[in-house]
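Letter by letter, the chains look like this.
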Amino acid sequence: MGERGSRNPLLPGGVSRYCRSKMYARRAQYKKRKTVAGPAKEAKPRFVTKQVRGDKNGSTRNVPVRTTTKMYPTEDVRPKLKNRKVNKPARLRSSIKPGTVLILLSNAHRGKRVVFLKQLPSGLLLVTGPYRVNGCPLRRVDQTYVIATKTQVDISNVKVPDHVDDAYFRRQTKARKSKNAGEMFEEKDAKYQLSDQRKADQKAVDAALLASVKKTPELLWYLRAKFTLHKGQYPHNMVF
C-alpha cells in the first residue's frame, strides 16, 4: 500500500483545498469533544405540605411552591430584558490632544478647521473655530466625524469655564399647551435665541485663543480656509 495522502491537499499557490469548518467535519472532531459533567442539581419539591386547621378541612394540604398568576394581560406584551451594559465615554484618540486642529466632516460646519479644547464627560469633543475666524462657535463634536491634523495651537492660556459641560448645550423645551375648542390658530414655536451667558463665554474663549493663534504666522488664514478635495486627491494618501 502506498503512503496515505493529506486530508487537506494544497492547491496551486499554496492554498488549502478545504476550509477550517470543512476539515472539522472531515476529521469527525465533533465526536471527540470532551464534555465535563457538572455537579448534579438537587430536585426541588414542587409542593409543600402545610398544616390546616379545622376538623372538617383535613389535617394537611399540598401548596405549590410557585403560584401562577391569577390575571393575564389581554395583549401580548414582551417583557423587558435585563441590560447590564454600562455606557462609558469613548476613549480619546491618540492623535487628538488639547490644542489640536481638527477638520469637521459633518453638520453645518463641515469642512471647517477648528481647535480642540477638551473632552466632555459624555465623550464628545469641545471645539471652537474661533467664532471670529471661521464662524464656528463653541460646540460638541463626535470624534468619529473629525480628521486630526498635526497642527497644534498653544491653549495653555485658554481657560474654559467650569460650567461648560454637556448640560450647557442642552436646549430647554417648553411643555406644549393643550388646545381648547375656542382656539382656532396654532401658536408658532419661538425661534432659538442665544443667551447672554453663551455670548460672554464665547468672547472670553476667543480672546484668549486668538492671542495664541496670532503668534504663529499664517495660522489665522489656515483656520479660516475650508478643507476641500479636488480631482485626483485622495484623503487616505494625505498627511494632515
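Refer to the structure above for everything that follows.
Chemist: Teacher, can you tell me more about the packing of aromatic side chains here?
Modeler: How two aromatic rings sit relative to each other is given by the distance of their centres and the angle of their planes. All told, the structure shown has two aromatic pairs when counted by the stated rule. Summarising the aromatic geometry, the rings of Tyr168 and Phe169 are spaced 5.2 Å apart at their centres and angled 85° between planes, so their arrangement reads as edge-to-face. The class for Tyr168 is buried, based on a relative accessible area of 13%. Aromatic side chains Phe227 and Phe240 sit 5.6 Å apart centroid to centroid with 65° between the ring planes, which places their arrangement in the edge-to-face category. One end of the pair, Phe227, is in the segment after helix H4 (219-224); the other, Phe240, is in the segment after H4, with 13 residues separating them in the sequence. Overall, Phe227 belongs to the buried group, its relative accessible area being 18%. We classify Phe240 as partly exposed; its relative accessible area is 24%. For the cation-ring pair, Arg113 lies above Tyr222, with the distance from its terminal atom to the ring centre recorded as 4.4 Å. Here the basic side chain of Arg224 rests over the ring of Trp221, its NZ or CZ set 4.9 Å away from the ring centre.

Chemist: Could you clarify how one ought to interpret the environment of Leu10 in this entry?
Modeler: As for its placement among the helices and strands, Leu10 is situated in strand E1 (residues 10-11). Considered as a pair, Leu10 and Arg113 are 103 residues apart in the sequence and their alpha carbons are 54 Å apart. Filtering out sequence-adjacent residues up to four positions away, Leu10 remains in contact with Val15 and Ser16.

Chemist: Help me out: how do you make sense of the side chain of Gln143 in this one?
Modeler: Secondary-structure assignment places Gln143 in the loop between strand E8 (139-141) and strand E9 (146-152). Among the polar contacts made by the side chain of Gln143, one reaches the main-chain carbonyl oxygen of Arg91 at a distance of 2.9 Å. With near-sequence residues (within four places) excluded, Gln143 lies in contact with Ala90, Arg91, Leu92, Arg93, Ile96 and Leu125.

Chemist: Whenever I open this one, unusual backbone geometry confuses me. Can you help?
Modeler: Negative phi values dominate among residues other than glycine, just as trans dominates among peptide bonds. Backbone torsion omega between Gly129 and Pro130 reads 0°, so that peptide bond is classified as cis. Take Pro130: it is sitting in the loop between strand E7 (125-128) and helix H2 (131-134). For Ala28, which is not glycine, the phi torsion reads 55° and is therefore positive. Despite not being glycine, Asn107 has its phi angle at roughly 60°, a positive value. By the element assignment, Asn107 lies in the loop between strand E5 (100-104) and strand E6 (113-119). For Asn107, a relative accessible area of 26% translates into the label partly exposed.

Chemist: Sorry, what's going on with the pairing of E6 here?
Modeler: Along any regular strand the residues' side chains alternate between the sheet's two faces. In terms of burial, E6 is a largely internal element, five of the seven residues being buried. Here E5 runs beside E6; their pairing, made up of three bridges, is antiparallel. Counterpart to Ile103 in the pairing with E6 is Arg113. Direction of pairing for E6 relative to E7: antiparallel, over a ladder of four bridges.

Rules used throughout
Residues numbered from 1 in each chain as written. Predicted model: local features only at pLDDT ≥ 70, side-chain atom pairs only at ≥ 80, totals over all residues. Heavy atoms only, no water. Phe/Tyr/Trp six-rings, centres within 6.5 Å; stacked < 30°, edge-to-face > 60°. Buried < 20%, exposed > 50% of the residue type's maximum accessible area, 1.4 Å probe, protein only. Helix = DSSP H or I, 4+ residues; strand = E, 2+ residues; numbered from the N terminus. Lys NZ or Arg CZ within 6 Å of the ring centre and 35° of its normal. Contact = heavy atoms within 4.5 Å. Polar contact = N/O pair within 3.5 Å; in protein donor to acceptor, adjacent residues only side chain to side chain. Pairing = 2+ DSSP bridges.

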